[in-house]
Amino acid sequence: MEEQMRIGILGTGNVAAALGEGWTRAGHEVVVGGRSPEKAAAVAEQIGATAGTLREAATGRDAVLLAVPWEAVTEVLADTADVLVGTPLIDPTNAVRHGEGVLLPADSAARRIAELAPGAHVVKAFHLFPAAQWVKQEEPVVVAMCGDDERALAVVGGLVADVGARPAVLGSLERVRQLEEVAGFVIGLAFQGVDPNAAIPKVG
């Protein structure tokens, strides 16, 4: 970590807690906001962060993690989009049909989020690994990312490194559907009891 950052987390689930714990461990200032004040307070206490409202977690931050179920994205951004202008907004969501891995949005989740939060710098990241990856610090992994803003990609890349992974930029949001389809592929095979790693050839 080069410097302490002010990070907001919108959500109180496993991904929010796992990444929040990693970032507080790295020395960042983290504020957790949730639709349930009780859950936000519990997660914040668990990871050594501060609890707040959704708007408090989104306001004046160096980066914000949107860690809510896809069904809650529209509601949460309706409450926070105006204070996210100019902010790197990390999207780890998987908008897929449960048990199938079929993507729900006609375009992509990240591009829909960009529409709902105009002016925010959306970066797709952290959507391919389970939350436990960021807690147990298992073998190093690569976090593939897509985004349109170079500075936002650099900020998120630093936060990827802070949880023990290596960032890799696939491209702009023009390519993000491709990245999201990878998650659908992995989820679809996993629900069939197939190891997705066995279906991908090793290069080199």
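Here's a quick rundown of the structure. These numbers come from a predicted model, not from an experiment.

## Some points on the pattern of salt bridges
All chains considered together, the criterion is met by 11 salt bridges. The closest approach of N and O atoms between Asp-107 and Arg-111, which form a salt bridge, is 2.7 Å. Salt-bridge contacts for Arg-112 lead to Glu-115; the nearest nitrogen and oxygen are separated by 3.2 Å. Here Glu-115 and Arg-112 lie together in helix α5 (residues 109-116), a separation of 3 residues that amounts to about one turn. Judged by relative accessible area, Glu-115 falls into the exposed class, the value being 53%.

## A few points about the sheet that holds strand β3 (residues 50-52)
One open sheet accounts for 8 strands, arranged β3-β2-β1-β4-β5-β6-β7-β8; its pairing is mixed. Looking along the sheet, the strands with just one partner apiece sit at the ends: β3 and β8 (166-171). Averaged over all pairs of adjacent strands, the angle between their axes in this sheet comes to 30°, without regard to strand direction. Sheet analysis places strand β1 (residues 6-10) next to strand β4 (residues 63-66), joined by 4 bridges and oriented parallel. Pairing of Gly-8 across the sheet is with Val-64, part of β4.

## Quick notes on the packing of helix α1 (residues 14-25) against helix α2 (residues 37-47)
With their axes 9 Å apart at the nearest point, α1 and α2 run at an angle of 40° to one another. Between α1 and α2, the angle falls in the class oblique. Two packed elements cross with a definite hand, and for α1 against α2 that hand is right-handed. On the side of α1, the interface is formed by Ala-17, Gly-20, Glu-21 and Thr-24, while α2 contributes Val-43, Gln-46 and Ile-47. For the contact of α1 with α2, the class distribution of residues is 3 nonpolar, 3 polar and 1 charged.

## With respect to the environment of Gly-22
In this fold, Gly-22 is placed in helix α1. Taking the C-alpha atoms as reference points, Gly-22 and Val-135, separated by 113 residues in sequence, lie 6.8 Å from one another. Not counting the four nearest positions on each side in its chain, Gly-22 is found in contact with Asp-162 and Val-163.

Conventions used here
- Residues numbered from 1 in each chain as written.
- Predicted model: local features only at pLDDT ≥ 70, side-chain atom pairs only at ≥ 80, totals over all residues.
- Heavy atoms only, no water.
- Salt bridge = Lys/Arg side-chain N within 4 Å of Asp/Glu carboxyl O.
- Helix = DSSP H or I, 4+ residues; strand = E, 2+ residues; numbered from the N terminus.
- Buried < 20%, exposed > 50% of the residue type's maximum accessible area, 1.4 Å probe, protein only.
- Pairing = 2+ DSSP bridges.
- Axes fitted to C-alpha atoms, helices over the stretch in contact; angles between N-to-C directions.
- Parallel < 35°, antiparallel > 145°, perpendicular 65-115°, else oblique.
- Left-handed = near helix turned anticlockwise from the far one by under 90°.
- Contact = heavy atoms within 4.5 Å.
- Nonpolar A, V, L, I, M, F, W, Y, C, P; charged D, E, K, R; others polar.

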